[in-house]
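# Residue-level structural notes
Take a look at the letters that make up each chain.
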Amino acid sequence: MMAVSGNAVLVVVDIQGGSASTLPTPGIPVMSGRAERGPRVRELIRHCREAGVPVVFIQEVHKRDLIDIGRELDGAEGPHCLEGDDATELASWLEPRPEEFVVKKRRYSAFFGTELEIILKAYKAETVMLVGGLTDICIHYTAADAHQHDYVVRVLTDCVAGSSERAHDAALESIAYLQRDALVTAADVHAWLDDRERVSA
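Since this is a predicted model, take the numbers as computed values, not measurements.

Before going further, it helps to spend a moment on the overall build of the protein. Helix and strand counts for the protein come out as five helices and six strands. Counting from the amino terminus, helix and strand elements in the protein follow one another as β-α-β-β-α-β-α-β-α-β-α. Overall size of the protein, expressed as C-alpha extent along the three principal axes, is 50 × 35 × 30 Å. The buried share among the 201 residues of the protein stands at 50%. Taking all contacts inside the protein whose residues are at least 6 apart in sequence as the whole, residues at least 24 apart take part in 79%. Carbon together with sulfur atoms contributes 53% to the accessible area of the protein, which is approximately 9,700 Å² in total. Taken as two groups, the 21 positive and 32 negative side-chain charges of the protein have centres that lie 2 Å from each other.

Bringing the packing of helix 1 (residues 34-51) against helix 5 (residues 186-200) into the picture now. For the pair helix 1 and helix 5, the least separation of the axes is 10 Å and the interaxial angle reads 15 degrees. As the angle between them shows, helix 1 and helix 5 are arranged roughly parallel. Seen along the crossing, helix 1 lies across helix 5 with a hand that is left-handed. Contacts from Arg40, Glu43, Leu44, His47, Cys48, Glu50 and Ala51 in helix 1 reach Ala186, Val189, His190, Leu193, Asp194, Arg196 and Glu197 in helix 5. Its residues placed into classes, the contact of helix 1 with helix 5 shows six nonpolar, two polar and six charged.

In this structure, Ile58, Leu120, Leu130 and Val155 are the most contacted members of the largest nonpolar core, which totals 27 residues. Among the secondary structure elements, those contributing two or more residues to this core are strand 1 (7-13), strand 2 (55-60), helix 2 (116-122), strand 4 (125-133), helix 3 (135-148), strand 5 (152-161) and helix 4 (165-178). Ranked by the residues each element gives to this core, the list is headed by helix 3, at five residues. Setting aside anything within four residues of it in sequence, one finds Leu130 in contact with Val11, Val13, Ile139, Thr142, Ala143, Val153, Arg154, Val155, Leu156 and Val160. Counting 26 residues, the second largest nonpolar core, distinct from the first, contains Ala8, Ala91, Trp93 and Leu193.

Below, the discussion takes up the packing of helix 3 against helix 4. Remark: helix 3 packs on helix 4, axes separated minimally by 9 Å, with the N-to-C direction vectors making an angle of 5 degrees. Judged by the inter-axis angle, helix 3 sits roughly parallel to helix 4. For the pair formed by helix 3 and helix 4, the contact residues are Thr135, Asp136, Ile139, His140, Ala143, Ala144 and His147 on the first element and Ala167, His168, Ala171, Leu172, Ser174, Ile175 and Leu178 on the second. Per-class residue counts for the contact of helix 3 with helix 4 are eight nonpolar, five polar and one charged.

Here we come to the pattern of salt bridges. Inspection of every chain in the model, using the stated rule, returns 11 salt bridges. Among the ionic pairs, Asp14 bridges to Lys105, the shortest N-O distance being 2.9 Å. Taken together, the residues Asp14 in the loop between strand 1 and helix 1 and Lys105 in strand 3 (residues 102-105) connect sequence positions 91 residues apart. In this structure, Arg49 engages Glu100 in a salt bridge whose closest nitrogen and oxygen atoms are separated by 2.8 Å. On the criterion of sequence distance, the pair formed by Arg49 in helix 1 and Glu100 in the loop between strand 2 and strand 3 is long-range, its members being 51 residues apart. A single network of salt bridges, built from pairs that share partners, joins Asp14, Glu60 and Lys105.

Rules of the game
- Residues numbered from 1 in each chain as written.
- Predicted model: local features only at pLDDT ≥ 70, side-chain atom pairs only at ≥ 80, totals over all residues.
- Heavy atoms only, no water.
- Helix = DSSP H or I, 4+ residues; strand = E, 2+ residues; numbered from the N terminus.
- Buried < 20%, exposed > 50% of the residue type's maximum accessible area, 1.4 Å probe, protein only.
- Contact = heavy atoms within 4.5 Å.
- Areas by Shrake-Rupley, 256 points an atom, 1.4 Å probe, with all protein chains shown as cover.
- Lys, Arg positive; Asp, Glu negative; His and termini not counted.
- Charge placed at Lys NZ, Arg CZ, Asp CG, Glu CD.
- Axes fitted to C-alpha atoms, helices over the stretch in contact; angles between N-to-C directions.
- Parallel < 35°, antiparallel > 145°, perpendicular 65-115°, else oblique.
- Left-handed = near helix turned anticlockwise from the far one by under 90°.
- Nonpolar A, V, L, I, M, F, W, Y, C, P; charged D, E, K, R; others polar.
- Core = buried A, V, L, I, M, F, W, Y, C linked by side-chain atoms within 4.5 Å.
- Salt bridge = Lys/Arg side-chain N within 4 Å of Asp/Glu carboxyl O.

Remember that the coordinates give geometry; whether it matters functionally is a separate question.
Put into structure tokens, the structure is as follows:
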């Protein structure tokens, strides 16, 4: 059974693309398999909601003149997630509910310069479950910051995607170095949610 400490929150990181959400985000390389991951993430969100586990959505957004993009263009990425572009909107199939938080960020970590920490405290969260992308960038930096904020981190390995398979695998190895039980699958989380529902019934 997946180890979870206290209250858990599902954090959906940068699953964007608006109505064309089956395509990669412009300017960002990404490994294949998005079509398979999407339904898996959607079912996970449904099950978390049903089980009373909060879902928080993260959206990377930058001004069109790139004044807020910082050093993000110094590496492999081109301009991306520009304000007003359909591709910057959350994937249309995510459909956040009015009571759920959508956190906009301007750096790789979902903690950096955002209200995420306030939201997690409001939910009295101890465990953060991460899905989305990129494994080697935004998932990695968010997981590292969650670890340094003393959260239990669980990254769903079949619900995240890297800029390449090699980068994906290396990032997961790095995250597992921080917390030995950090890597789980969607099936692990569904089993935990089912057990949680049985206990509370």
